[in-house]
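# Remarks on the overall topology
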Amino acid sequence: MIEFIKQPWPWYVAGPMIALVLFLLLHAGKRFGISSSLETVCTLGGAGKLSDYFKVDWRNRSWLILFVVGSIIGGFLTSQFLQNPEPIDLSAATIADLQSLGLGYDGNYVPEQIFSWQNLFSLQGLIFMVLGGFLIGFGTRYAGGCTSGHAISGLSDLQLPSLVATIGFFIGGLITTHLLLPIIFS
Amino acid sequence: MKGFRFIWIGIIFGIILTKSEVISWYRIQEMFRFQDFHMYGVIGSAVILGAVIIRIIKARQVKSILGEPIGIDPKPKNYTSALVGGSIFGLGWALTGACPGPIYILIGNGFLPYLVVLFFAVIGAFTYGLIRSRLPH
């Protein structure tokens, strides 16, 4: 049984299970949306003194903090007990594309060549980790949601702003992938 | 503690996203290069099944455990911020290979440099809060 679960999960298992998470949260009276947690951290840090945007009662979001803590634990448990027996079965075309950029495929979840402490103090590391993180926080709050809030919850409820936001996610992602990465790696 | 259920749902979520490799930088690259169906299958099937679930909830007026009818509060109709903010997020999504959920889950998996990504995501959210009145929405 454990050996079976340890296999990488195909999309037709993962997608429906994400829908189940959406249902469990709705049933508990909550709207699935994780990027709000970034804002709640600001509120907890006292940002309400500087901007009314953060002057909210964080207790309304305490469920989300617990959810986030759970997801960290879930990641930890998987890495300890349910690790993939094989490297990720990445498509050969992607491996070839990345190689032509000068990025070898190491079979892990993230390329250590980029996401390492040593690389943090290089220009490349700053772009991927510092600028990348900043754009995620700024962009999701500006858009009013991320993949979970807009692409999953919003689209499931056929909300037009969420469709527009999801189109935006792809515009940005395609620009980074096809225009910025070749420059960053050159 | 009644909030305990959210830790459990979070644990399930963390396991799903790790086992389906959605948290992988490489998988996100594959998606933005249209070289595999995997990510589209995950997001697409979640949305389609989610839409069916929400239809049923609304048709049957299912109530939450709080006794209130279940509904998804509509997002504000701010199309400019959805498109511009969404694109800004997309730039960062492809750089880091992670949206907010996977950032946390990667940290749980022991990819600790993502603590830096998380820290600057919080700084990004903070910056938005400071200048939002000057941005078009």
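About the thresholds
- Residues numbered from 1 in each chain as written.
- Chains lettered and ligands numbered in written order.
- Predicted model: local features only at pLDDT ≥ 70, side-chain atom pairs only at ≥ 80, totals over all residues.
- Heavy atoms only, no water.
- Domains from an automatic or database assignment.
- Contact = heavy atoms within 4.5 Å.
- Buried area = accessible area lost by both parts, 1.4 Å probe.
- Salt bridge = Lys/Arg side-chain N within 4 Å of Asp/Glu carboxyl O.
- Polar contact = N/O pair within 3.5 Å; in protein donor to acceptor, adjacent residues only side chain to side chain.
- Helix = DSSP H or I, 4+ residues; strand = E, 2+ residues; numbered from the N terminus.
- Buried < 20%, exposed > 50% of the residue type's maximum accessible area, 1.4 Å probe, protein only.
- Core = buried A, V, L, I, M, F, W, Y, C linked by side-chain atoms within 4.5 Å.
- Nonpolar A, V, L, I, M, F, W, Y, C, P; charged D, E, K, R; others polar.
- Axes fitted to C-alpha atoms, helices over the stretch in contact; angles between N-to-C directions.
- Parallel < 35°, antiparallel > 145°, perpendicular 65-115°, else oblique.
- Left-handed = near helix turned anticlockwise from the far one by under 90°.
- Bend = angle between axes of the 7 residues up to and from the residue.

In many analyses, interface size is given as the accessible surface area lost on bringing the parts together. All names here are of chain A. Entries for chain A in the domain assignment read domain 1 (1-83) and domain 2 (101-186). Using only C-alpha atoms to locate each centre, domain 1 and domain 2 end up separated by 18 Å. Counting residues at the interface gives 11 residues for domain 1 and 12 residues for domain 2. Where domain 1 abuts domain 2, roughly 850 Å² becomes buried across the two surfaces, and 56% of that area is made up of carbon and sulfur atoms. In this structure, Glu39 and Arg141 form a salt bridge, with 2.5 Å as the shortest nitrogen-oxygen distance. In this assembly, domain 1 and domain 2 are joined by 6 residue pairs in polar contact (both at pLDDT 80 or more). For the side of domain 1 that touches domain 2, the secondary-structure elements that each account for two or more residues are helix H2 (11-27) and helix H3 (36-44).

Attention now moves to unusual backbone geometry. All names here are of chain B. With a phi close to 55°, Phe34 is a non-glycine residue in the positive phi region. You can see Phe34 is positioned in the loop between helix H2 (25-32) and helix H3 (38-60). Classification of Phe34 by relative accessible area gives exposed; the value is 54%. Of note, Gln61 is a non-glycine position whose phi angle comes to about 50°, a positive value. One can find Gln61 in the loop between H3 and helix H4 (79-96).

To continue, consider the nonpolar core. Within the largest apolar cluster, 95 residues are counted, with the highest numbers of intra-cluster contacts made by Phe32(A), Phe67(A), Phe128(A), Trp25(B) and Tyr114(B). Of the domains in this structure, domain 1 (1-83) and domain 2 (101-186) of chain A are the two that each give at least three residues to this core.

Here we come to H3(A). Of all 9 residues making up H3(A), 7 are buried, and the element is well covered by its neighbours. At its buried positions, H3(A) is contacted by helix H4 (62-81) and helix H6 (123-143) of chain A together with helix H5 (100-108) and helix H6 (114-131) of chain B. Downstream of H3(A) by one or two residues, Gly46(A) has phi in the positive range, about 95°.

What follows covers the interface of chain A and chain B. Contact residues are listed per partner, giving 126 residues for chain A and 110 residues for chain B. Between chain A and chain B, roughly 10,200 Å² of surface is buried when both sides are summed, and carbon and sulfur atoms account for 78% of that area. Contact with chain B buries area across many residues of chain A, yet Trp11(A), Tyr109(A) and Tyr142(A) alone supply 8% of it, more than any other trio. For Asp157(A), the salt bridge identified is with Lys58(B), shortest N-O distance 2.7 Å. Summed over the shared surface of chain A and chain B, the number is 31 residue pairs in polar contact (both at pLDDT 80 or more). Elements with a minimum of two residues in the side of chain A that touches chain B: helix H1 (2-6), H2, H3, H4, helix H5 (92-101), H6, helix H7 (147-156) and helix H8 (160-184) of chain A. Of the residues belonging to the side of chain A that touches chain B, the class tally is 77 nonpolar, 40 polar and 9 charged.

Attention now moves to the environment of Phe4(A). You can see Phe4(A) is positioned in helix H1. C-alpha of Phe4(A) to C-alpha of Leu82(A): the two residues are 78 residues apart in sequence and 9.7 Å apart in space.

This part covers the packing of H7(A) against H8(A). Residues and elements named next belong to chain A. Running from N to C, H7 and H8 cross one another at 135°; their axes reach a closest spacing of 9 Å. By the angle class used here, H7 and H8 are oblique. Crossing handedness for the pair H7 and H8: left-handed. Residues Thr147, Gly149, His150, Ala151, Gly154 and Leu155 of H7 form the contact with H8, whose own contacting residues are Pro161, Ser162, Leu163, Ala165, Thr166 and Phe169. Grouping the amino acids of the contact of H7 with H8 by side-chain chemistry returns 6 nonpolar, 6 polar and no charged.

To continue, consider H6(A). Residue and element names in this part refer to chain A. The sharpest bend along H6 reaches about 30° and sits at Leu131. Counted residue by residue, H6 has 15 buried out of 21 residues, so it is predominantly covered. In the stretch just after H6, Gly144 is the one whose phi turns positive, near 80°.

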